[in-house]
Amino acid sequence: MQKKILAMAVAGAFAAAPALASADDSVTLFGQLKYEVGAVDGAGTATRSGNRDLVHSNAGSRFGVRGSEDLGGGLTGIFRLQGNFGGPGGTFGGPLTTNEETWVGVDGNFGQVRLGRSDTAMKNAMKPFRAFTDTLADNATRPGTFVGANNGINSWSRADGIHYQSPDFQGFTFGATISPVGEKTDSYYSINAIYEMGPMNFSGAYETQTSTSDGYGILDTGIPTFFGAGTAADIDSWHAGFSFDFGQGDVGVKYHQWDYDGNIEEKLEQVVVPANFRVTDQINLRAAVQYNTLDNRRAGLGSGESSWTNVAFGAQYHFSNRTEAFVNVWNDGIEGVTANNTNDDVSDDGTHIGVGLRHSF
C-alpha cells in the first residue's frame, strides 16, 4: 500500500511540474533518455579482450531542473541542477547523480556569473566540434579528449568554481573559469574568445593547471595519464578552431595542444575535423576524424614520437525534433605502434558499430 501511495505521489509531481513551469516560466524540467547497443573490438591487452564484444550504453541519459527569477534592476537569478543516472554496466537501474551541472548565478547587462559546477571556458569553446555527442563513437572523436587503454587526457570537462560569460559584443564573446583545485594558491583556470560572423565561427581558448600532486585537478583527475597522475606538474592547453555552416550542414577544424612541464617534458597535439550533412529534414549524415601525435614519452614508456588516427561515420533518422534513431561505425587507432613506440602494445585495428535510440524532453 505504501509503495502504491509513493508511486502515485511521484507521478503526480511529474504531472504537476510542467503546469507549474508554464504558470510563471521560472522552473523547467528537462532531460534525455538514450540507449545504445554496440559491437566493439578489443585491443588485445590485459584490460580488453581480443574479441568483438557486445556492450550497451545509456551514456547521455540525464535529468535536470533549471530556473530563473527576476531580481529587479536588470538582474535575473538563475540556477541549474543536472545529472546522469545509470547503474553498473550502464544500466538504467542506478540512482541519479548530480555530476554534470549544479550551480547558482546571476545574469545582467554585465554578462553571466555562475557559482558551482559548470562547463569550463575551454569546453564551451570546443562544443561546435563534437559530432557524435553521447554515443559510443564519441569516445574516439570527442574534441580535446584522448582515452586509451591505460592512459588519457581530458580538456572536455566541468569544474567546481567561478564561471563568467560575457554579453555579445556584435558577435564577439569571451568567458573564464577559475577552480581552486591545486595545492595552496595553485588553481585551474581557463579563458576563451569566440567570434561569430554569419555562418562562420572562430574560437580560441587556453587553460592551465599547476602543482597537481594532490591528484584531484581538472586535467589530472587521478587516472593514469600521459602526464603522470598524482605528480607535481604544470599542464598548459591551447585550442583554436573554425567552423562553417553552409546551410545544408556544417564542417569544422580544430587544433589542440597540451604541454606538460615536469620531470619529463611532453607535448600532445590533436586535430579534429567534424562534419554534418542534412540529406532531408529527417536524415542527417555525420563524420569526424581525430588525428593525434605525442612527443617525448614519460619514464618507462620509451621516447620519440607516436601518432594515431580515429575515424567515425554515422547516420541519424529524426522521427521528430526530440526523438531520433542512429547508427555509427568507427575505428580508433588508440596508440599506433611505431618504431619509436613499441612498449604500450595497444594498437587497435578493429572496426566498431553502435545502434541506438534517443528521446529528449
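First things first, this report covers the structure right here in the doc. Keep in mind it's a predicted model, so treat the numbers as computed, not measured.

Structural notes on the packing of aromatic side chains
Moving on, step 1. Scanning the model with the defined rule gives seven aromatic pairs in all.
Moving on, step 2. Centroid distance tyrosine 317 to phenylalanine 319: 5.0 Å. Interplanar angle 75 degrees. Geometry classified as edge-to-face.
Moving on, step 3. Owing to a relative accessible area of 33%, tyrosine 317 belongs among the partly exposed residues under this scheme.
Moving on, step 4. Positioned over the ring face of phenylalanine 30 is arginine 66, at 4.3 Å from the centre of the ring.
Moving on, step 5. One residue, arginine 114, lies across the ring of tryptophan 103, its end atom 5.7 Å from the ring centre.

Considering the pairing of strand E13 (residues 234-245)
Moving on, step 1. Where strand E12 (residues 200-209) and E13 come together, 10 bridges link them in antiparallel fashion. Bridging from a neighbouring strand, methionine 200 pairs with phenylalanine 244 of E13.
Moving on, step 2. For E13 and strand E14 (residues 249-261), the ladder comprises 12 bridges, and the chain directions are antiparallel. Bridge pairing links alanine 240 to tyrosine 255 in E14.
Moving on, step 3. Taking the residues between adjacent antiparallel strands as the criterion, E13 and E14 are bridged by three residues, where glycine 247 takes a positive phi near 95 degrees.

Digging into a nonpolar patch on the surface
Moving on, step 1. Together, Phe246, Val251, Val253, Val273, Phe277, Val279, Ile283, Leu285, Val289, Tyr317, Phe319 and Leu357 give the surface a local cluster of nonpolar side chains, amounting to about 950 Å² of exposed area.
Moving on, step 2. Taken together, the elements giving at least two residues each to the nonpolar patch come down to E14, strand E15 (266-278) and strand E16 (283-295).
Moving on, step 3. Broken down by element, the residue count for the nonpolar patch peaks at three residues, all from E16.
Moving on, step 4. Mapped onto the fold, valine 251 is located in strand E14.
Moving on, step 5. On the accessibility criterion, valine 251 (35% relative accessible area) is partly exposed.

Let's talk about the pairing of E12
Moving on, step 1. By the bridge criterion, 10 bridges tie strand E11 (residues 188-197) to E12 in an arrangement that is antiparallel. Residue pairing for E12: isoleucine 194 is matched across the bridge by serine 203.
Moving on, step 2. Taking the residues that link successive antiparallel strands as the turn, the E11-E12 hairpin has two residues, and the phi of glycine 198 there is positive, at about 65 degrees.

Points about the pattern of salt bridges
Moving on, step 1. Summed over all chains, the structure comprises 12 salt bridges.
Moving on, step 2. The residue arginine 130 makes a salt bridge to aspartate 134 at a minimum N-O spacing of 3.8 Å. Note on accessibility: arginine 130 and aspartate 134 belong to one class, buried.
Moving on, step 3. Through salt bridges with shared partners, one network takes in Arg62, Glu100, Asp119, Lys123, Lys127, Arg130, Asp134, Asp138, Arg142 and Arg158.

Observations regarding the environment of glutamine 82
Moving on, step 1. Along the chain, glutamine 82 falls in strand E4 (residues 75-85).
Moving on, step 2. Relative accessible area serves as the criterion here: at 6%, glutamine 82 is assigned to the buried category.
Moving on, step 3. Along the backbone, glutamine 82 and tryptophan 103 are 21 residues apart, and their C-alpha atoms lie at a distance of 9.2 Å.
Moving on, step 4. Ignoring sequence-local partners within four residues, the contact set of glutamine 82 consists of Phe30, Arg62, Phe63, Gly64, Thr98, Asn99, Glu100 and Glu101.
Moving on, step 5. Side-chain polar atoms of glutamine 82 contact the side chain of glutamate 100, separated by 2.3 Å.

What about the environment of isoleucine 162?
Moving on, step 1. Position of isoleucine 162 relative to the elements: it lies in strand E9 (residues 158-165).
Moving on, step 2. Taking C-alpha positions, isoleucine 162 is 6.6 Å from serine 179, a pair spaced 17 residues apart along the chain.
Moving on, step 3. Apart from the residues lying within four places of it in its own chain, the contact partners of isoleucine 162 are Val113, Arg114, Leu115, Ala176, Thr177 and Ile178.

The rules behind each value
- Residues numbered from 1 in each chain as written.
- Predicted model: local features only at pLDDT ≥ 70, side-chain atom pairs only at ≥ 80, totals over all residues.
- Heavy atoms only, no water.
- Phe/Tyr/Trp six-rings, centres within 6.5 Å; stacked < 30°, edge-to-face > 60°.
- Buried < 20%, exposed > 50% of the residue type's maximum accessible area, 1.4 Å probe, protein only.
- Lys NZ or Arg CZ within 6 Å of the ring centre and 35° of its normal.
- Pairing = 2+ DSSP bridges.
- Helix = DSSP H or I, 4+ residues; strand = E, 2+ residues; numbered from the N terminus.
- Patch = residues over 30% accessible without salt bridge, like charges linked within 9 Å, V, L, I, M, F, W, Y side chains within 5 Å.
- Areas by Shrake-Rupley, 256 points an atom, 1.4 Å probe, with all protein chains shown as cover.
- Salt bridge = Lys/Arg side-chain N within 4 Å of Asp/Glu carboxyl O.
- Contact = heavy atoms within 4.5 Å.
- Polar contact = N/O pair within 3.5 Å; in protein donor to acceptor, adjacent residues only side chain to side chain.

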